[in-house]
Amino acid sequence: MKNISYMLLFAVVLISCKEKKKEVQVIVPEITEEKKAPPVIREFGYNLNDFTVFRDTIRPGDSFGAILDSHGIARAKVFEISNKIKDTFNVARIRAGKAYTLLKSKDTTEKAQVFVYQDGLIDYTVVDFRDSIIARKSAKPVTLVEKIVSGTIESNLSQTFDDMNLSFLVAYKMADIYAWTIDFTRLQTGDQFKVIYTEKYINDTIPAGIGEIKASYFEHRSKPIYAFRFQDDTINKTSDFFDDEANNLRRAFLSAPVQFSRISSRYNLKRRIKYYGNKIRPHRGTDFAAPIGTPILATADGIVTKSERKGGNGKYVKIRHNATYDTQYLHMSRQAVKAGEYVRQGDVIGYIGMTGNTGGPHVCYRFWKNGKEVDPFREDLPASKPLNDSLRPAFFKHIKPLKTKLDSIIFKSKQEIL
């Protein structure tokens, strides 16, 4: 009987435990998807997520003041900004067609706080006027990618590059390198070239122009001419081009300040002009005709002594090369350098125009020797300085792999590239 009672008691406890077990609830926490922060977008040195970003292009008639005024900046503040940054950025010189970006506050006012003027794909100027007023020039990070091309001349150098869908800027750079050794107006069909150069890319994808030519080979009238870029001035950190025997390919002065141009009027002290009753009107310069906007090049290294507009000269640049020689370039549409700047031979110093007394687009190139204007084509001009003997071992070591690479390049025709 006792056994039966124990069994009944055990059964009641077991049933009770099972019922209690059923009452236990397991609470599973609700899984919610975590909100991800937006990716950080950085440009011009700022986190763009912190601003309302407005992008536009300077239009004809736009001014720095008008742009800021339309985005909430009072005229008094614009005047203060313009005056404070004038040594870094001349707001009066913003040009139509250039892109700009405004970084504005992320509130209902959307008031402009930062103005970015883009001089080009790479260079830009930042004007930050949030707390204090600061202006700085900067550039986007650029990747250099090495390119190798070769070709055979069928008409002229620039046309050959165009036919091969290659940048004409490389052709201009090559013409500059060989300016004293090859007459590019008299190239022959069958002349051949090879060139190793770099192209610039922003964010590894956006093309941003041509870098530098590292080395090239030009076979003109069956005569091979190598050219290797090498830093020959460690103080100014400047480079020049030398052949495979370390001879400098340049001369002290380029023969012309414009590439692929023609002489429309020569230096002539006895020139008579019909308009002035056939009276003698000396022409103390050499005129090089070219389309408006064509780059004008410094014919030699030197310091810019004048960059201004004056009377019949129009907009012009004058360069002091040394104690003996000066050059002057007249009638520019605009200058590209300022007084006091150091320029290298071949640097762009301005652009062909028609300012001053001129009947057509050209640059009047004037040449001084010991303070007297002379005809450069009648002067025995000095050769460019040779490579210093102490630099020759480093030069030959530098060019060895480049020459090997050039020699291994096979000439290609337009049809082969296309």
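Report follows, based on the coordinates. (Residues numbered from 1 in each chain as written. Predicted model: local features only at pLDDT ≥ 70, side-chain atom pairs only at ≥ 80, totals over all residues. Heavy atoms only, no water.)

### A short note on the pattern of salt bridges
Link 1 in the chain: Scanning the model with the defined rule gives 15 salt bridges in all.
Link 2 in the chain: Asp407 is the salt-bridge partner of Lys403, the closest N and O atoms lying 3.2 Å from each other. With a gap of four residues between them, Lys403 and Asp407 both fall in helix α6 (residues 392–408), about one helical turn apart.
Link 3 in the chain: With relative accessibility at 26%, the residue Lys403 sits in the partly exposed group.
Link 4 in the chain: Connected through salt bridges with shared partners, the residues Glu43, Arg55 and Lys140 form a single ionic network. (Salt bridge = Lys/Arg side-chain N within 4 Å of Asp/Glu carboxyl O. Helix = DSSP H or I, 4+ residues; strand = E, 2+ residues; numbered from the N terminus. Buried < 20%, exposed > 50% of the residue type's maximum accessible area, 1.4 Å probe, protein only.)

### A look at the layout of surface pockets
Link 1 in the chain: Considering only enclosed or pocket space, the largest pocket measures out at about 1000 Å³ in volume.
Link 2 in the chain: Lining the largest pocket are 25 residues, and of these Arg93, Arg95, Asp119, Arg334 and Ala336 sit closest to its centre.
Link 3 in the chain: Broken down by secondary-structure element, the contributors of at least two residues to the lining of the largest pocket are β6 (123–128), β7 (134–139), β20 (325–335) and β22 (348–352).
Link 4 in the chain: Residues belonging to the lining of the largest pocket are distributed by class as follows: seven nonpolar, six polar and 12 charged.
Link 5 in the chain: In this structure, the second largest pocket is lined by 25 residues; those nearest its centre are Lys173, Asp176, Leu297, Gly346 and Val348.
Link 6 in the chain: With six residues, the top contributor of residues to the lining of the second largest pocket is helix α5 (residues 168–177). (1 Å grid on protein atoms, 1.4 Å probe; cavity = no way out; pocket = protein on both sides within 12 Å on 5 of 7 lines; lining within 4 Å. Points joined across faces, edges and corners; volume = space filled by probe spheres on them. Nonpolar A, V, L, I, M, F, W, Y, C, P; charged D, E, K, R; others polar.)

### Focus: the pairing of strand β5 (residues 112–118)
Link 1 in the chain: For β5, the tally of buried residues reaches six of seven residues, placing the bulk of the element in the interior.
Link 2 in the chain: Two elements, strand β4 (residues 99–104) and β5, share six bridges in a ladder whose sense is antiparallel. Looking at the pairing, Lys104 lines up with Ala112 of β5.
Link 3 in the chain: Bridge count for β5 against β6 is five bridges, and the pairing is antiparallel. Its bridge partner lying in β6, Val114 is registered against Asp128.
Link 4 in the chain: Hairpin connection from β5 to β6: four residues lie between these consecutive antiparallel strands. (Pairing = 2+ DSSP bridges.)

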